[in-house]
Amino acid sequence: MIRLVELGPRDGLQNEGARLSVEMRIEFIEKLIDCGVKNIETGAFVSPKWVPQMDHSFEVLKTLRAKQKSGDIPKSIRLVNLVPNTQGLSDAIKADVQEIAVFTSASETFSKKNTNASIQESLQRIEDVIKQAKKQKLKIRGYISTCWYCPFEGKISESKVLNVAKKLNAMGVYEISIGDTIGAATPKEVRSLNKKLIKLLGKKKLAMHFHDTRGTALANILASLDMGITTFDSSLGGLGGCPYAPGAAGNVATEDVVYMLHGMGFKTGYNLEKLVLVNKWIAPQLGRTLKGAHPFKPSKT
Ligand code: HMG
Ligand code: MG
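Structure report, in brief. Since the structure is predicted, the reported quantities are computational estimates derived from the model, not experimental observations.

### Comments concerning the overall build of the chain
- Looking only at helices and strands, the chain has 11 helices and 10 strands in total.
- The C-alpha atoms of the chain give 18 Å as radius of gyration, which agrees with the globular expectation for 301 residues (19 Å, within 12%).
- Dimensions along the principal axes, computed over C-alpha positions, put the chain at roughly 55 × 45 × 35 Å.
- Expressed as a percentage of the 301 residues in the chain, the buried residues total 55%.

Laid out in structure tokens, this is it:
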């Protein structure tokens, strides 16, 4: 079984021009859950001045958690929210969060642009967040951005990524998602870094987060899969990108990942036909065509 983490409502919507209402965001998430999604980022408790699209993540999460408590949404669904600092954490806790994701970067310049903090400062913030989150018995996922390339610094050395991964791991995250934030890595580079990360953390602690700017994301997933990594992030329709990574496309489309994995005999628990219906439903709300709307295997005729 492959574990997929759906990021459309967060990594996706955070970089869309169109702003969806709270009701629409909730409907989107519920539709994704109906497709078989089990792990899903529903929003981000970041500053609305920095990322206005993620404003009202509080209402989104609070409503979803209430639905989970009343049984409308299965309790097994993991609703994850991005948290940059203790201010975000305390808001997320008020919205009854159960799982958070903390994030830092392997590039100093990206870290500054994305969070107004050096890598060291961001790790300090994360440590404060994790200390408090553990008291509340929350699950904590970690992200490292710009693990191969940075939009400002270019190629990032593997030692920088390993250094940050070691520190993040020591703080007690259950998993680290390795980000190709601008979608520039190739399979050879992915294999090389993954080999060292596996040695450092083990396969089970790693997730891969590929943006798909240059069409290399599926190849990079395959390269990681061949090395025994089984957790991958994706976004319905390839939505979004990072507002602080100029020129970067969205995550790899969930539909494309599911198509490839099912075709190779892997199980995901997702229903591809239903995902495509969600793609066709959300695309007009965002005013553009999305990737991944190819539901069926090509016919022989
Ligand atoms: P800052 O301006 O340095 O923060 O931003 P500050 O502590 O100086 O506070 C300034 C103001 O922000 C204050 O408000 C605070 O209350 C407010 P004011 O007094 O001016 O009215 N503030 C907040 N408001 C709401 N929620 C909060 C919060 N914290 C402070 N949590 C900060 C620092 C980290 C907040 C800011 O830089 C930020 O929000 N950055 C987030 C950027 C972001 O969301 N980027 C995209 C997500 S990361 C990503 O996409 C990459 C990933 O997908 C992996 C990959 O692809 O590589 C994960
Ligand atoms: Mg991302």
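### Description of unusual backbone geometry
- Here the phi dihedral of His56 falls at roughly 70°; this positive angle occurs in a residue that is not glycine.
- By the element assignment, His56 lies in the loop between strand E2 (39–44) and helix H3 (57–70).
- Note on His56: relative accessible area 38%, which makes it partly exposed.
- Phi is positive for Lys137, close to 60°, though the residue is something other than glycine.
- Inspection of the secondary structure puts Lys137 in the loop between helix H6 (119–135) and strand E5 (139–145).

### So, the layout of surface pockets
- Of the volumes computed, that of the largest pocket is approximately 690 Å³.
- Around the largest pocket, the lining comprises 37 residues; the ones closest to its centre are Phe45, Val46, Ser47, Pro84 and Phe103.
- Of all the secondary-structure elements, those providing two or more residues to the lining of the largest pocket are helix H1 (8–12), H3, helix H4 (86–94), helix H5 (108–115) and E5.
- Of the residues that constitute the lining of the largest pocket, the class distribution is 17 nonpolar, 15 polar and five charged.

### Remarks on the side chain of Thr181
- Looking at where Thr181 falls in the secondary structure, it is placed in the loop between strand E8 (175–180) and helix H8 (187–201).
- Looking at Thr181, the relative accessible area reads 4%, which means it is buried.
- Engagement of the side chain of Thr181 in a polar contact is seen with the backbone nitrogen of Thr146, the distance being 2.7 Å.
- Setting aside its immediate chain neighbours within four residues, Thr181 contacts Phe110, Ser145, Thr146, His211, Cys242, Ala245 and Ala248.

### As for the site of ligand 1
- By nearness alone, 27 residues border ligand 1, and Gln14, Asn114, Asn116, Ser145 and Thr181 come closest of all.
- One of the side-chain N or O atoms of Gln14 is found 2.8 Å from an oxygen atom in ligand 1.
- Side-chain polar atom of Ser145 to an oxygen atom of ligand 1: 2.7 Å apart, as the coordinates give it.
- Coverage of ligand 1 by the protein amounts to 75% of the 1100 Å² it exposes when considered alone.

### Observations regarding helix H10 (residues 254–263)
- All of the buried residues along H10 are Thr254, Glu255, Val257, Val258, Met260 and Leu261.
- Once H10 ends, the next one or two residues include Gly265, with phi positive near 90°.

### Concerning a nonpolar patch on the surface
- Judged by side-chain polarity, Leu222, Met264 and Phe266 come together as a nonpolar surface patch covering roughly 230 Å² of accessible area.
- Among the structural elements, Leu222 can be located in helix H9 (residues 217–226).

### What about the coordination of the magnesium ion (ligand 2)?
- For the magnesium ion (ligand 2), the protein coordination sphere consists of Asp11 (OD), His209 (NE2) and His211 (NE2), at 2.1 to 2.3 Å.
- For the magnesium ion (ligand 2), all donor residues lie on one chain, and their spacing in sequence is D-x197-H-x1-H. You can see Asp11 sitting in helix H1 and its partner His209 sitting in strand E9 (residues 206–210), a full 198 residues away along the chain. Across the pair, His209 and Asp11 agree in class, each one buried.

### Looking at helix H7 (residues 158–171)
- Helix length check: H7, at 14 residues, gives a terminal C-alpha distance of 20 Å against a target of 20 Å (1.5 Å per residue), a fit within 8%.
- Taken together, the buried positions of H7 are occupied by Val161, Leu162, Val164, Ala165, Leu168 and Met171.
- Buried residues along H7 sit against strand E4 (99–105), H6, E5, E8 and H8.
- A positive backbone phi angle near 105° is found at Gly172, which sits one or two residues after H7.

### Side note on the packing of H5 against H6
- Put simply, H5 and H6 touch, their axes get as near as 9 Å, and they point 55° apart. As the angle between them shows, H5 and H6 are arranged oblique. Contacts from Glu108, Ser111, Lys112 and Thr115 in H5 reach Ile119, Glu121, Ser122 and Arg125 in H6.
- Per-class residue counts for the contact of H5 with H6 are one nonpolar, three polar and four charged.

### Things to note about the nonpolar core
- The biggest cluster of nonpolar side chains holds 99 residues, and the ones touching the most others in it are Phe28, Ile100, Ile144, Trp148 and Ile178.
- It is helix H11 (residues 272–286) that provides the largest number of residues to this core, a total of eight residues.
- Discounting chain neighbours no more than four positions away, the residues touching Ile100 are Val80, Asn81, Val83, Leu89, Val129, Ala133, Leu138, Lys139, Ile140 and Arg141.

### Let's talk about the environment of Met260
- Inspection of the secondary structure assignment puts Met260 in helix H10.
- On a C-alpha basis, the gap between Met260 and Pro48 in space is 36 Å, while along the polypeptide they are 212 residues apart.

Scoring rules and cut-offs
Residues numbered from 1 in each chain as written. Chains lettered and ligands numbered in written order. Predicted model: local features only at pLDDT ≥ 70, side-chain atom pairs only at ≥ 80, totals over all residues. Heavy atoms only, no water. Helix = DSSP H or I, 4+ residues; strand = E, 2+ residues; numbered from the N terminus. Rg over C-alpha atoms; globule rule 2.2 N^0.38 Å. Buried < 20%, exposed > 50% of the residue type's maximum accessible area, 1.4 Å probe, protein only. 1 Å grid on protein atoms, 1.4 Å probe; cavity = no way out; pocket = protein on both sides within 12 Å on 5 of 7 lines; lining within 4 Å. Points joined across faces, edges and corners; volume = space filled by probe spheres on them. Nonpolar A, V, L, I, M, F, W, Y, C, P; charged D, E, K, R; others polar. Polar contact = N/O pair within 3.5 Å; in protein donor to acceptor, adjacent residues only side chain to side chain. Contact = heavy atoms within 4.5 Å. Near = heavy atom within 4 Å. Areas by Shrake-Rupley, 256 points an atom, 1.4 Å probe, with all protein chains shown as cover. Patch = residues over 30% accessible without salt bridge, like charges linked within 9 Å, V, L, I, M, F, W, Y side chains within 5 Å. Salt bridge = Lys/Arg side-chain N within 4 Å of Asp/Glu carboxyl O. Donors = N, O, S within 2.8 Å, 3.2 Å for Na, K, Ca; no water. Expected span 1.5 Å × (residues − 1). Axes fitted to C-alpha atoms, helices over the stretch in contact; angles between N-to-C directions. Parallel < 35°, antiparallel > 145°, perpendicular 65-115°, else oblique. Core = buried A, V, L, I, M, F, W, Y, C linked by side-chain atoms within 4.5 Å.

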